[in-house]
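Notes for the structure review
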Amino acid sequence: MNKIKNINKKAFGILALIIIVAIGSIIVFNVTFSAGGVNTFYDVELKDTTVGDVTITDVEMNAENGITKYTATVKASANTEVKYINIKVLDKDNKELVTLIGYVGSTLSKNETKEIEASTDADLDNINSIEYEVIN
């Protein structure tokens, strides 16, 4: 009888540990979610943005295991040369936390789209906004 009680206590302890780790992971990683079509990252809305002849849409940022991955779709409204896009992550004082580089690498034809992605291990807890610079 005592062996059964000990096994039940161990099983309960393991289950409690799994639940605590799962809840902690959700809180720590603050993973991107989609609410009403607008993605957010650390409560910052990741909005569609147009810079010159380039529109950046479907922006997502996900943090996991200390690495933040950025993905987006780039679409040209006219034939345009785009080598890469600087993705400037700013804090509330407009100080740069990090600049990511989204490689496009070619001339985009009107209405052509490309996917870009970038990653960083920089601490982005204080993110407040994102600015873009298209490099020709």
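Refer to the structure above for everything that follows.
Here we summarise the structure given alongside this text. (Residues numbered from 1 in each chain as written. Predicted model: local features only at pLDDT ≥ 70, side-chain atom pairs only at ≥ 80, totals over all residues. Heavy atoms only, no water.)

1. Quick look at the pattern of salt bridges
According to the stated counting rule, one finds three salt bridges in the structure shown. The closest approach of N and O atoms between K47 and E45, which form a salt bridge, is 4.0 Å. Two residues, K69 and E117, come together in a salt bridge whose shortest N-O distance is 4.0 Å. Taken as a pair, K69 in strand β6 (residues 67-76) and E117 in strand β9 (residues 113-120) lie far apart in primary sequence, 48 residues in all. (Salt bridge = Lys/Arg side-chain N within 4 Å of Asp/Glu carboxyl O. Helix = DSSP H or I, 4+ residues; strand = E, 2+ residues; numbered from the N terminus.)

2. A word on the pairing of strand β8 (residues 96-108)
In the sheet, strand β7 (residues 80-90) pairs with β8 via 10 bridges, with the strands oriented antiparallel. Bridging from a neighbouring strand, V82 pairs with S106 of β8. (Pairing = 2+ DSSP bridges.)

3. So, the packing of aromatic side chains
For the structure shown, the criterion picks out one aromatic pair. Residues F41 and Y42 carry aromatic rings whose centres are separated by 4.6 Å and whose planes lie at 85 degrees to one another, so their mutual orientation is edge-to-face. Taking the relative accessible area as the measure of exposure, F41 reaches 0% and is therefore buried. (Phe/Tyr/Trp six-rings, centres within 6.5 Å; stacked < 30°, edge-to-face > 60°. Buried < 20%, exposed > 50% of the residue type's maximum accessible area, 1.4 Å probe, protein only.)

4. A word on the sheet that holds strand β10 (residues 129-135)
Strand order in the open sheet made by the three strands is β8-β7-β10, with antiparallel pairing throughout. Two strands lie at the open edges of the sheet, namely β8 and β10, each paired on one side alone. Across the sheet, the axes of successive neighbouring strands diverge by a mean angle of 20 degrees, strand direction being ignored. (Axes fitted to C-alpha atoms, helices over the stretch in contact; angles between N-to-C directions.)

It is worth stressing that arrangement in space is one thing and function is another; only the former is reported here.
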